[in-house]
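# Residue-level structural notes
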Amino acid sequence: MIDFEFEFQYAEEKQPTLQKVGGSIPAGRCVVLCGGSGCGKSTLLRCINGLIPQFYEGELKGFCRLNGQDTAGIRIGEIGELAASVFQDPRSQFFTVNSSNEVAFGLENHGLPQDKIRRRVDEAFRIFHLELLKDRNVYELSSGERQLISILSAWAMDTDIFLLDEPTANLDFAATQQLKEILLALKKQGKTLLLSEHRLYYLADIADEFWVMADGEIKGKYTAAEAKAFSVERRQTLSLRTLDLAEITVPEKEPLPKTAPTALSVSDVCYTYGRKAGDTLSGVSFSVREHEIVGLVGANGCGKTTIGKLIAGLYRPSGGRIMLFGKSQNPKQLQKQVLFILQEAEFQFFTGSVLHELQYGHAVTPEFEAKTEALLKSMDMWDCRNRHPFSLSGGQMQRLTLMMAYLSDKPIVILDEPTAGQDAESLERCAALIREMRKEKTVLIITHDPELIAGACDRCIGLSDGHAEIEFPVHSERDLQAVRQYMERFHLSNAPAKKQHKERFHPATKLLYWLALLVVISTSNNHLVYAVYTALILLTAADGWLGTALAGGMSFGLLWAANALLPGTVFSFMLVLFPRIIAVGISMRTLIGRNEASRTLAALRNLHLPERLIMIVAVIFRFFPVLSGDMKLLRQSIRTRGAFVTPWQKLRALPSYIEILTVPMALRVIRIAETLSASAETRGIDLTRRKSNYLSLRFSAWDAVFCVLLAASIAAGLIL
Amino acid sequence: MSTANPNKLKIKDIITVVLLALINVVIFFASSVLYATPITIILMPVFFTLLEGIVYFIIGTKVKKPGAILIYSIVRAIMGGYLPYIILFILSGAIAELLLWKMGYGNAKALTVSYVINQVLAAFGSTIIPYAIAAKAMADQMVTDGRQDAILAASQMLQSWVSVALVAGVIVAAFIGAMIGKRIVKKHLAA
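Residues numbered from 1 in each chain as written. Chains lettered and ligands numbered in written order. Predicted model: local features only at pLDDT ≥ 70, side-chain atom pairs only at ≥ 80, totals over all residues.

We now examine the overall build of chain B. If you tally the helices and strands in chain B, you get seven helices and zero strands. Its helices and strands in sequence order give chain B the pattern α-α-α-α-α-α-α, from N to C terminus. Counting the 191 residues in chain B, one finds 51% classified as buried. Within chain B, counting contacts between residues at least 6 apart in sequence, those at least 24 apart form 72% of the total. (Helix = DSSP H or I, 4+ residues; strand = E, 2+ residues; numbered from the N terminus. Buried ≥ 20, exposed ≤ 12 C-beta atoms within 10 Å, placed from the backbone. Contact = placed C-beta atoms within 7 Å.)

Structure representation (structure tokens):
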């Protein structure tokens, strides 16, 4: 049961965000907070889960009782024992690399015994029939799957109350369906659910009440039956999205001229992304006519974004042909003519204000200024024109990228999930702007949003099993129903989990090797370095990193051979220096590769190192690979916006180039840090009680053998 | 119920600093192609010094609390994976903390001076010391190989003027890097 009454003003704001909001939710009920963006939904949830005022600072008045217990003065982590929280961005709320460890994270922080943690984690995956997601690397999961893991993490905390902040903001159609089933199961278990949400259709059978917020107040509380009976006009007034997908209407759209020539033609395009079979495209073919708006739909991982990036010249196809306006194009030519708007909006901002972002790369004539002003006003962003793009909400960022696309000189625009997390009014504005774009451009939209498809698309192409399998016109409600039925067939990936690697060594052994290397490579004793290098290569091979061990061994062999065949200063120097560098890289890989990061952290905890230090190491392990991936996205964004194409351009404007390479990353990281720490705090990371380990680690004979080998190699290196 | 504002690092501050530090680590690793030849290694400290000021100043301005720059230094140090580098980088972090404590957290002058010290010590840890050790190791190896004549070439690689020029280059680059950092902070984080 939840009882609350709040007034709240953020420290940096001049106006209160919440003005005397109050309510009572009986146990076992589900209430949905809805209303336009910025109405105070998330703030209300933060007041309940204790993030306000302990994490987000400001002036809070009022009270909150969870199951009768007053939360005033209780730490965030302790409130987390009464109410579990799920946040909207599954990409940045995980603290560990492994899905099972993530589910166990909160339980470890609360110091539960290991066997109890293991039972609870197993139960979480079993009850919700998500065993396939167990012990998976979270980087390999889709957004939907990650969000399911975050719900399991919340469930594992064994609370009666769940607080979910826009849980479907980044989910596709299939994942939303799965989330619905989980919420139904939670309700059956008697849990109390409080959600803030824009997308309402999936909650129609779950919610008991819809509380509509506006301007920091709860303007109305409606039963599910009352909300379902809202007319379209009433919903629009309240800025609510549809509660029934069957009610979506398809507006009349200006038909394309029958003679409209083909703008984009994709023929038998193939692409293999890494080694993941799910991301492979095998002979995709379709065409889009000039000034047509085409929706690209398909199950998660079917390659929608990949084909979009191939068309934009950001990837090079391994086969097939992409033609624009009848001419075959290479990736460089495609980049000049196609703009790709990434789903991750924040990677696409290079300047310090909304207005400058829209002007970037354009000659700012009086006509352009007038056009920009009209555009900002039509998208309800005029008041934000001088704000930094990174100070905008997620929905506002999406709208800004859409405006950038509208103003672009490129004739073809690809939009990747442009309406994630938009309220009803914003969605309508986005659809209208895309329709407006059609006058000068050809648009391809990667989406799973039926409301956007209805409002903007002329046609839809379904992508499945690596090829375009079906096409739908979108002229009537009947057409839309066909698209919806097609989308309902999508399901979450059933790809079997990768074969689990059997860990042979205790992470402490590998830490010992790492420490030994740190000392050894700092000496000038080559024999010592080579001896420890050899021991490390053997340990790497014995641990199952055969490729890495082979590469390490071969590198050393090549350096040795080069020095023997071409004796000289350069190769001698390389033979001395490079093994020292390579050894550190290999050693780090054995410590954090695969699932080793979690095990290494468990070993550090067993060593009773300070929890703050372990947290720092955990963040390093978790985010180092993520940030490398983010850097790739940033480079794609720079390329597709046509900035700094040639090396000369980069050199000529080096400070600006450095700025756009670094600043968006830094600002994004600041946002990630906020979400990650909020998520971790609600799961008790800041509690001072003794923490426990989910993973059990044991020394084996292998550890003994390789410790002896290390000692022997050091002795041999010193003697020789 | 009003929020206290203790001058103590919170979980959010620590995570912010660690993640920002990782950006510089990513830049470091992404540019590790410069390690490909003995000559380009010499240029690495100058190159990184130009780039890393942005993140350094963002941390110094965003998290104006004791310990932030030290944590940054620890993360950068550990990810370097080389003992002299680790020691010198952490030492530079401690010096920076001292300067900031004296001159004020977020103080631009303190950040500039500490950034210069940070980069000079990092250059010693990442290039000058490994070069010296490598040159010594190479000389030892050449003696073993019977190529005494090449020892001179090896020692020439670390002639004092190279080290002096490198340190001078790093200091100049650190001032430029600090200026870039200050400008970026003013533009993007002024609010």
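With that settled, consider the overall build of chain A. Tallying secondary structure elements over chain A gives 26 helices and 20 strands in all. Compactness check: chain A gives a C-alpha radius of gyration of 28 Å against a globular reference of 27 Å for 720 residues, within 12% of the reference. Taking the principal axes of its C-alpha atoms as reference, chain A extends roughly 85 × 70 × 45 Å. For chain A, buried positions account for 50% of its 720 residues. Restricting to contacts in chain A with at least 6 residues of sequence separation, those with at least 24 account for 75%. (Rg over C-alpha atoms; globule rule 2.2 N^0.38 Å.)

A separate point is the packing of helix α19 (residues 526-542) of chain A against helix α26 (residues 701-719) of chain A. Residues and elements named next belong to chain A. For the pair α19 and α26, the least separation of the axes is 7 Å and the interaxial angle reads 160°. The orientation of α19 relative to α26 falls into the category roughly antiparallel. The two elements α19 and α26 meet at a crossing, and its hand is right-handed. From α19, H527, L528, A531, V532, T534, A535, L538, L539 and A542 reach across to α26, where they touch W702, F706, L709, L710, S713, I714, A716, G717 and L718. The class makeup of the residues in the contact of α19 with α26 is 14 nonpolar, four polar and no charged. (Axes fitted to C-alpha atoms, helices over the stretch in contact; angles between N-to-C directions. Parallel < 35°, antiparallel > 145°, perpendicular 65-115°, else oblique. Left-handed = near helix turned anticlockwise from the far one by under 90°. Nonpolar A, V, L, I, M, F, W, Y, C, P; charged D, E, K, R; others polar.)

The subject of this paragraph is the sheet that holds strand β19 (residues 459-464) of chain A. Residue and element names in this part refer to chain A. Pairing is mixed in the open sheet, where six strands are placed in the order β16-β17-β18-β13-β19-β20. The open sheet has two edge strands, β16 (338-341) and β20 (467-473), and neither has a second partner. The average undirected angle you get between the axes of adjacent strands in this sheet is 20°. As judged from the four bridges shared by strand β13 (residues 293-298) and strand β18 (residues 442-446), these two strands associate in the parallel manner. Directly across from V294, in β18, lies its bridge partner L444. (Pairing = 2+ DSSP bridges.)

This paragraph deals with the confidence of the model for chain B. If pLDDT is low for a region, its predicted coordinates should not be looked at in detail. Residues and elements named next belong to chain B. Looking at chain B, the pLDDT average stands at 83 and 82% of residues meet or exceed 70. At the level of individual helices and strands, chain B shows its lowest average pLDDT in helix α6 (residues 151-156), which scores 52, and its highest in helix α4 (residues 83-103), which scores 94. Among the scores for the predicted complex, ipTM is 0.86 and pTM is 0.86. (pLDDT = per-residue confidence, 0-100.)

The next subject is the interface of chain A and chain B. Tallying the contact residues gives 56 residues for chain A and 48 residues for chain B. Elements with a contribution of two residues or more to the side of chain A that touches chain B: β4 (58-66), α18 (507-520), α21 (569-592), α23 (611-640) and α25 (654-682) of chain A. When residues of the side of chain A that touches chain B are assigned to their parent elements, the largest contribution, 17 residues, is made by α25 of chain A. Residue composition of the side of chain A that touches chain B, grouped by class: 36 nonpolar, twelve polar and eight charged.

Residues and elements named next belong to chain A. Read from one edge of the open sheet, four strands run β12-β11-β14-β15, paired in antiparallel fashion. Each edge of the open sheet carries a strand with a single partner, namely β12 (281-289) and β15 (327-328). As paired elements, strand β14 (residues 319-324) and β15 share two bridges and run antiparallel to each other. From the neighbouring strand, M323 faces β15, where its bridge partner is S328. With respect to the sheet, helix α10 (residues 304-311) is in contact with β11 (262-271), β12 and β14, its orientation differing from that of β11 by roughly 120°.

Turning next to the pairing of strand β3 (residues 30-34) of chain A. Residues and elements named next belong to chain A. With five of five residues buried, β3 is to be regarded as a mostly interior element. Both faces of β3 are covered, namely the face carrying C30, V32 and C34 and the face carrying V31 and L33. Where β3 lies against strand β8 (residues 192-196), four bridges are found, and the strand directions are parallel. Note that in β8 the partner of V31 across the bridge is L194. With four bridges joining them, β3 and strand β9 (residues 209-214) adopt parallel strand pairing. Among the inter-strand pairings, L33 is bridged to a residue of β9, identified as W211.

What follows concerns the pairing of strand β1 (residues 2-10) of chain A. Where β1 of chain A and β4 of chain A come together, nine bridges link them in antiparallel fashion. Within β4 of chain A, the position partnered with D3 of chain A by the bridge is R65 of chain A.

What follows deals with the UniProt feature "domain: ABC transporter" (unreviewed entry) in chain A. What UniProt calls "domain: ABC transporter" (unreviewed entry) maps, in this numbering, to residues 2-240 and 264-490 of chain A. Counting secondary structure, residues 2-240 of chain A comes out at 35% helix and 25% strand; the distance between its end C-alpha atoms is 24 Å. (UniProt positions renumbered as here; feature names shortened; annotations may be inferred.)

Our next topic: the environment of A246 of chain A. All names here are of chain A. Relative to the helices and strands, A246 resides in the loop between α9 (232-237) and β11. You can call A246 exposed: it has 11 C-beta atoms within 10 Å. As a C-alpha pair, A246 and E477 span 231 residues in sequence and 8.2 Å in three-dimensional space.

Let's shift gears to the UniProt feature "transmembrane region" (unreviewed entry) in chain A. Residue and element names in this part refer to chain A. Under the UniProt annotation, the feature "transmembrane region" (unreviewed entry) is placed at residues 511-533 and 699-719. In the segment residues 511-533, helix accounts for 78% and strand for 0%; the C-alpha atoms at its two ends are 15 Å apart. Helix makes up 90% of residues 699-719 and strand 0%, and the two end C-alpha atoms of the span are 30 Å apart.

A few words now on unusual backbone geometry. Residues and elements named next belong to chain A. With an omega of 5°, the peptide bond between I52 and P53 qualifies as cis. Among the structural elements, P53 can be located in helix α2 (residues 51-54). You will see that K20, though not glycine, has its phi angle at about 45°, which is positive. Among the secondary structure elements, K20 is positioned in strand β2 (residues 18-25). With a phi angle near 50°, D268 is a residue other than glycine that sits in the positive phi range. Its place among the elements puts D268 in strand β11.

It is worth spelling out the UniProt feature "transmembrane region" (unreviewed entry) in chain B at this point. When the UniProt feature table is mapped to this numbering, "transmembrane region" (unreviewed entry) covers residues 14-35, 41-59, 71-96, 116-139 and 160-180 of chain B. Spanning residues 41-59 of chain B, this segment combines 100% helix with 0% strand, and its end C-alpha atoms are found 27 Å apart.

This part is about α10 of chain A. Of all eight residues that make up α10 of chain A, eight are buried, and the element is covered over most of its length. Buried residues of α10 of chain A: K304, T305, T306, I307, G308, K309, L310 and I311 of chain A, and no others.

Before going further, it helps to examine the packing of α19 of chain A against α21 of chain A. Residue and element names in this part refer to chain A. The geometry of α19 relative to α21 is characterised by a closest axis approach of 10 Å and an angle of 30° between their N-to-C directions. It follows from the interaxial angle that α19 and α21 lie roughly parallel. The way α19 lies across α21 gives a crossing that is left-handed. On α21, the residues that touch N526, V529, Y530, Y533, L536 and T540 of α19 are V576, P579, R580, A583, I586, S587 and T590. The class makeup of the residues in the contact of α19 with α21 is eight nonpolar, four polar and one charged.

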